[in-house]
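# Working through the structure, step by step
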Amino acid sequence: MNLGIGNDINRKEKSGNGYLWNSAAGLVNAGESVILSMVVTRTDGMLEAGILSVAFAVGNLMMTIGKFGVRAYQATDVKGQFSFADYFWTRVLTSALMLLTTAGYLLYGTYAMGYSGQKVAVVAAICIIYTIESVEDVFWGLYQQRQSLDTGAKVFLIRWLLILAAVAGLLAAGKGLAAASVVGAVVCLAAFLIFNTAAFLGFHEKLAPVRWQAVWWILRDCAPLAAVSFFSFYVTNAPKYAIDRHLPQEVQACYGFVAMPVFVIGLLNGFIYQPTLVKTALEWKEGRVASFRRRAVKQCFILCGLTAVCVFGAYVCGIPVLSFLYHADLRAYRNELLLLVFSGGMLAYTGYFCVLLTIMRRQKLLLYAYGAASMPAFLFMDTVVKYFGVMGAAVFYTFLMSVLAGGFGSLCRREIKDALRKDEGIVA
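Throughout this document, residue positions are counted from 1 along each chain, in the order its sequence is written. For a predicted model such as this one, the threshold for reporting local features is a pLDDT of at least 70, and the threshold for listing and counting side-chain atom pairs is 80 or more; totals across whole chains, interfaces and linings nevertheless cover every residue. Only hydrogens and water are set aside when side-chain values are computed; all heavy atoms of the structure are taken into account.

### Remarks on helix α2 (residues 46-67)
For clarity, the threshold we go by: Elements are defined by DSSP. Helices are runs of H or I of four residues or more, strands are runs of E of two residues or more, and each kind is numbered from the N terminus. Every helix has an expected span of 1.5 Å times one less than the residues it contains. Per-residue accessibility, obtained with a 1.4 Å probe over protein chains only, is compared with the maximum for each type, and a residue is labelled buried under 20%, exposed over 50%, and partly exposed between these values.
Taking 1.5 Å per residue, 22 residues should reach 32 Å; α2 reaches 31 Å between its end C-alpha atoms and fits that length. Among the 22 residues of α2, 19 are classified as buried, and the element is accordingly described as predominantly covered. One or two steps after α2, the chain reaches phenylalanine 68, where phi turns positive at roughly 55°.

Below, the structure written as structure tokens:
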């Protein structure tokens, strides 16, 4: 199967092609839960939509274990310190750990929170899909290293389009959310095996036997990134976990609908900076700190503009559009929507600063900040949701994201300032 790789695997990728396919994959990534939620509310109702919202929240949290923060580390390994096989076997190990953790969570949900069989099946299926995605991500890292970001985007795009078609089709046929989710997981596995095999063979990369020492070194170096990613998704989805424990599933569905735009700004931002990630890493490695700073500042201005546009759009037409899309009356959640969209901008800033600090190989600095932010979310989010409902969750979450964005921005500025003084004698 031809995925547009060609015979020259070391070709220099055309930037337009990379942007195009990466943007398409990003749109599908942003829209997967949106599309399925739209279908579920029309075919199965608000209760099932709430279950699906929880499933995606749990799946994304578990995927932080599967990916273990390796992707950015792998893609920016410009010195070739580790081979693809080293990254692959590391990902196999972390994905197995992800499955075990998922199983433990489902046992807790069943016996401590009273999860129904349907809810267990849906959460398990979504987590399996994300486990497969965590393995696929290591191949995407290889393609990105070889200046073929579009190859990984094509594979991702095809796989998710097939999943969406299968699940939405079964829901429309009245087969139920649980059955449709399980079939979606089977389709995901088949698509992963077929299309990644075809793409991988085009790169003529050898999958060498496992080197446990190299795996250990990667795990050691990426452990702070994994912890940061876990804490990040925990903080982001803490309101959903609290609502799952204290409020009806219908409220969970409504919160999920107005919270959908939270990730949109970050995904749009990712479309822009992901194709330039290797160039950014090379600038830092080669000591071109001034160029690195200009690129970072430019991206921050772009992100500011994206946030302003999204907040304005949410104010003007957010509630009517979301109410139409999800077939639900969301007029009571207008203020929550505006807060959450703004917090999405802060989340995007936080994510971008995390990438920059990873390129600087200062990822350990991130751990302390996210650890500090996760503690109040863990200790107080349940109380806030219990007494102040969805608005309390939105206010508390926006505060946490704003503090994190400011803190990470200060860390980046300090590191760049120190590098300029050291390498070029320039005071930032």
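Additional details are given in the paragraphs that follow.
### Some words on the nonpolar core
As a rule of thumb, soluble globular proteins bury nonpolar side chains together. The test is simple: Definition of nonpolar core: a set of buried residues of the types Ala, Val, Leu, Ile, Met, Phe, Trp, Tyr and Cys, connected through side-chain atoms within 4.5 Å. The contact criterion used throughout is that any non-hydrogen atoms of two residues lie within 4.5 Å.
Ranked by internal contacts, the top residues of the largest apolar core, which has 142 residues, are Phe139, Leu330 and Phe408. Dropping the residues within four chain positions of it, phenylalanine 408 is found in contact with Thr350, Phe353, Cys354, Leu357, Leu366, Ala369 and Tyr370.

### Observations regarding the side chain of arginine 159
Tracing the backbone through its elements, the reader meets arginine 159 in helix α6 (residues 149-172). Given a relative accessible area of 0%, arginine 159 falls into the buried group.

### So, a nonpolar patch on the surface
Under the convention used in this document: Nonpolar side chains (Val, Leu, Ile, Met, Phe, Trp, Tyr) are joined into patches within 5 Å and like charges within 9 Å, using only residues with over 30% relative accessible area and no salt bridge. Here, Shrake-Rupley sampling with a 1.4 Å probe gives the accessible areas, and only protein chains in the shown set may cover a residue. What counts as a salt bridge is simple: a side-chain nitrogen of Lys or Arg found within 4 Å of a carboxyl oxygen of Asp or Glu.
A surface patch of nonpolar side chains, amounting to about 440 Å² of accessible area, comprises Met375, Phe378, Leu379 and Phe380. By the secondary structure assignment, methionine 375 is in helix α14 (residues 364-423). Taking relative accessible area as the criterion, methionine 375 reaches 44% and is therefore assigned partly exposed.

### A short note on the packing of helix α11 (residues 277-285) against helix α12 (residues 289-326)
Test applied: Each axis is a line fitted through C-alpha atoms, and for a helix only the stretch in contact is used; angles between axes span 0 to 180 degrees, taken between their N-to-C directions. A clockwise turn of the near helix away from the far one marks a right-handed crossing, whereas an anticlockwise turn of less than a right angle marks a left-handed crossing. All residues other than Ala, Val, Leu, Ile, Met, Phe, Trp, Tyr, Cys, Pro, Asp, Glu, Lys and Arg, Gly among them, are scored as polar; the first ten of these are nonpolar and the last four charged.
Interhelical geometry of α11 versus α12 gives an angle of 145° and a closest axis separation of 7 Å. Considering how the two elements wind past one another, α11 and α12 form a crossing that is left-handed. Residues Lys279, Thr280, Glu283 and Trp284 of α11 lie in contact with α12, whose contacting residues are Val289, Ser291, Phe292 and Arg295. The class makeup of the residues in the contact of α11 with α12 is three nonpolar, two polar and three charged.

### A closer look at the pattern of salt bridges
Considering all chains together, one arrives at 12 salt bridges under this definition. Its salt-bridge partner being arginine 220, residue aspartate 221 comes within 3.1 Å of it at the nearest N-O pair. On the basis of relative accessibility, which here comes to 19%, the residue aspartate 221 falls in the buried class. Overall, the relative accessible area of 43% leaves arginine 220 in the partly exposed class. What you see here is one network of salt bridges that share partners, running through Arg71, Arg91 and Asp137.

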